[in-house]
Amino acid sequence: ADAANVIRNPKKGALHMADDRYAQENEEARAAFGGARRSIRTWRDNFKGYLNENFGYEGFFEKMALNAFDYGLSEDTIKNLVKHRFFQTDHILGTICDDLENFFLMPAPLNNRFDFQTRQ
């Protein structure tokens, strides 16, 4: 399969941070951040930023990308895409809710052109 088609078609749920496959990472991240669930950014700081800095690229995000794309991309390719920040986290809906249930890992080129709130 060509890389573009693979990246356009991740395995179902593999890029959603609250997916059951990532229960251990979710538990560790929440505990490290102070145990908050569904944190409101203005009240509880920036959980997404905290995840990116402390759990992200060589750990959690790499695992997610491997789960999502291992059917059509080599492990080395996936690890290099993650290392070079081809993927980034973003909110599914409303940026005010900083919680794993509201986060996805997505290709940065797609994310830079995507705005759910203005393209309904």
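Everything below is about the structure printed above this text.
Computed from a predicted model, the values in this text were never measured in an experiment.

Colleague: Just checking my understanding: could you explain the environment of Gln24 for this structure?
Modeller: Among the structural elements, Gln24 can be located in helix α2 (residues 23–33). In this structure the side chain of Gln24 is engaged in a polar contact, spanning 3.0 Å, whose partner is the side chain of Glu28.

Colleague: Looking at this structure, how should I read the packing of α2 against helix α4 (residues 47–69)?
Modeller: Remark: α2 packs on α4, axes separated minimally by 11 Å, with the N-to-C direction vectors making an angle of 150°. One element, α2, and the other, α4, form an angle in the roughly antiparallel class. Judged by the sense of rotation from one axis to the other, the crossing of α2 with α4 is right-handed. Contact with α2, carried on its side by Glu25, Asn26, Glu28, Ala29, Arg30, Ala32 and Phe33, involves Phe47, Tyr50, Leu51, Phe55, Phe60 and Lys63 of α4 and no other residues of that element. By residue class, the composition of the contact of α2 with α4 is eight nonpolar, one polar and four charged.

Colleague: What is the right way to look at the environment of Leu81 in this model?
Modeller: Looking at the element boundaries, Leu81 is found in helix α5 (residues 75–83). Residues Leu81 and Glu62, spaced 19 residues apart in sequence, show a C-alpha to C-alpha distance of 9.0 Å. Those residues in contact with Leu81 that lie beyond four places of it in its chain are Ile7, Leu73, Phe86 and Phe87.

Colleague: Any chance you could explain the environment of Leu66 here in plain terms?
Modeller: Assignment of secondary structure puts Leu66 in helix α4. Placed 10 residues apart in sequence, Leu66 and Asp76 show a C-alpha to C-alpha distance of 9.8 Å. Those residues in contact with Leu66, other than ones at most four positions away along the chain, are Glu75, Ile78 and Lys79.

Colleague: Where do I start with unusual backbone geometry in this structure?
Modeller: One can expect most non-glycine residues to show negative phi and most peptide bonds to be in trans. The phi torsion at Arg85 lies on the positive side, around 60°, for a residue other than glycine. With respect to the helices, strands and loops of the structure, Arg85 is situated in the loop between α5 and β2 (87–91).

Colleague: Can you walk me through the pattern of salt bridges in this structure?
Modeller: Where charged atoms from two side chains of opposite charge come close, those side chains can pair. Under the criterion given, the structure shown has four salt bridges. In this structure, Lys63 engages Glu25 in a salt bridge whose closest nitrogen and oxygen atoms are separated by 2.8 Å. Of this pair, Lys63 sits in helix α4 while Glu25 sits in helix α2; the two residues are 38 residues apart in sequence, bridging distant segments of the chain. With relative accessibility at 34%, the residue Lys63 sits in the partly exposed group. For Lys79, the salt bridge identified is with Glu75, shortest N-O distance 2.9 Å. Placement of both Lys79 and Glu75 in helix α5 is noted, with a separation of four residues, approximately one turn of the helix. A relative accessible area of 46% means that Glu75 is categorised as partly exposed.

Calculation rules
- Residues numbered from 1 in each chain as written.
- Predicted model: local features only at pLDDT ≥ 70, side-chain atom pairs only at ≥ 80, totals over all residues.
- Heavy atoms only, no water.
- Helix = DSSP H or I, 4+ residues; strand = E, 2+ residues; numbered from the N terminus.
- Polar contact = N/O pair within 3.5 Å; in protein donor to acceptor, adjacent residues only side chain to side chain.
- Axes fitted to C-alpha atoms, helices over the stretch in contact; angles between N-to-C directions.
- Parallel < 35°, antiparallel > 145°, perpendicular 65-115°, else oblique.
- Left-handed = near helix turned anticlockwise from the far one by under 90°.
- Contact = heavy atoms within 4.5 Å.
- Nonpolar A, V, L, I, M, F, W, Y, C, P; charged D, E, K, R; others polar.
- Salt bridge = Lys/Arg side-chain N within 4 Å of Asp/Glu carboxyl O.
- Buried < 20%, exposed > 50% of the residue type's maximum accessible area, 1.4 Å probe, protein only.

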